[in-house]
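So the chains spell out like this:
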Amino acid sequence: MALDMAKYRRLFLEEAAEHLSEISTALLALEKERGATEEIDVIFRMAHSIKSMAASLDYESVAELAHALEDRMEGVRDRGAVAGDDELQSLFQGLEGLEAMVGEVRESGEAPAARPELVASLRAAADARTEPPEKKVLR
Amino acid sequence: MKGRVLIADDASFMRQMIREIIEPEGYEVVGEATDGVEAVEQYEELHPDLVTMDIVMPKRSGIDAVKGILEKTPDACVVMCSALGQETLVMEALQAGAKDFIVKPFKPDNVLSTLQKVIEKKSED
């Protein structure tokens, strides 16, 4: 079965733009209130959604960065608040990286180049503050 | 018609993809829910044969929604839609009573074989 991937690329661009806008608004709110529960949840869910859509279209670099942001926000959620300015900066950089990548997809239709430095920044802070969950292989 | 399906996912992208995979194969999509609260409400209203349930959703998570559905309908058929890194949550959902899971990014053959298996098991019971 072949899916109409052009349709899903359009949907991705529409939904990712909305999600990134929501992440931006939520991050600005977190800047003022580091423990804003609803905003923390919004960023987590939006990053998760971008990850899933990007993976479906084989935009692995986008999925990887969104996954790192999602995991980082899971750590924030577990702690109840953004830890400090450095963490907030990493989150903003992650957002900017995703915005640039989605812009590249919009312009070229191709998978954007990876941004390992942004992934590493998000992962480093997350790993430093949270224990990774035990992974179980189901299949 | 193979079965009446309720799709629960907050992303239109994912709802459309599941619909496009299953409708040509004879499933009828009877409803779409965009959060966990809607999923439970629509289940009670529509009584579908099967639900595809995303895990991460607003208002009420997919796992909570599974619990809500099974509380009133213990034999409900719910298939979880999981993503990379959600192994622990999938395990929790299966322990709560979800019948199976499909993994994003969706592979049409895998989605169809999983739904078929769950529907067949339901008719045997």
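Located above this text is the structure these notes cover.
Below, the structure is looked at part by part. For clarity, every value in this text was computed on a predicted model and none was experimentally measured. (Residues numbered from 1 in each chain as written. Chains lettered and ligands numbered in written order. Predicted model: local features only at pLDDT ≥ 70, side-chain atom pairs only at ≥ 80, totals over all residues. Heavy atoms only, no water.)

### Brief notes about helix H1 (residues 12-22) of chain B
Line of reasoning, step 1. Within H1 of chain B, 8 of the 11 residues are buried, which leaves the element mostly enclosed by the surrounding structure.
Line of reasoning, step 2. Among the residues of H1 of chain B, those classed as buried are Phe13, Met14, Arg15, Met17, Ile18, Glu20, Ile21 and Ile22 of chain B. (Buried < 20%, exposed > 50% of the residue type's maximum accessible area, 1.4 Å probe, protein only. Helix = DSSP H or I, 4+ residues; strand = E, 2+ residues; numbered from the N terminus.)

### Focus on empty space enclosed by the protein
Line of reasoning, step 1. Enumeration over the complete set of coordinates arrives at 1 cavity of 30 Å³ or more.
Line of reasoning, step 2. In this structure, the largest cavity is lined by His48, Ser49, Ser52 and Met53 of chain A together with Asp9, Asp10, Ala11, Met14, Asp54 and Lys104 of chain B.
Line of reasoning, step 3. When the residues that make up the lining of the largest cavity are grouped by side-chain class, the tally is 3 nonpolar, 3 polar and 4 charged. (1 Å grid on protein atoms, 1.4 Å probe; cavity = no way out; pocket = protein on both sides within 12 Å on 5 of 7 lines; lining within 4 Å. Points joined across faces, edges and corners; volume = space filled by probe spheres on them. Nonpolar A, V, L, I, M, F, W, Y, C, P; charged D, E, K, R; others polar.)

### Topic: the interface of chain A and chain B
Line of reasoning, step 1. Tallying the contact residues gives 26 residues for chain A and 30 residues for chain B.
Line of reasoning, step 2. Taken together, the two surfaces of chain A and chain B that pack against each other cover about 2400 Å², and 64% of this comes from carbon and sulfur.
Line of reasoning, step 3. At the boundary of chain A and chain B, one finds 1 salt bridge.
Line of reasoning, step 4. A salt bridge links Lys7 of chain A to Glu20 of chain B, with the nearest nitrogen and oxygen atoms 3.0 Å apart.
Line of reasoning, step 5. Joining chain A to chain B, the criterion identifies 7 residue pairs in polar contact (both at pLDDT 80 or more).
Line of reasoning, step 6. Listing elements by their share of the side of chain A that touches chain B, those giving two or more residues are helix H1 (5-32) and helix H2 (37-56) of chain A.
Line of reasoning, step 7. Counted by class, the side of chain A that touches chain B contains 12 nonpolar, 5 polar and 9 charged residues. (Contact = heavy atoms within 4.5 Å. Buried area = accessible area lost by both parts, 1.4 Å probe. Salt bridge = Lys/Arg side-chain N within 4 Å of Asp/Glu carboxyl O. Polar contact = N/O pair within 3.5 Å; in protein donor to acceptor, adjacent residues only side chain to side chain.)

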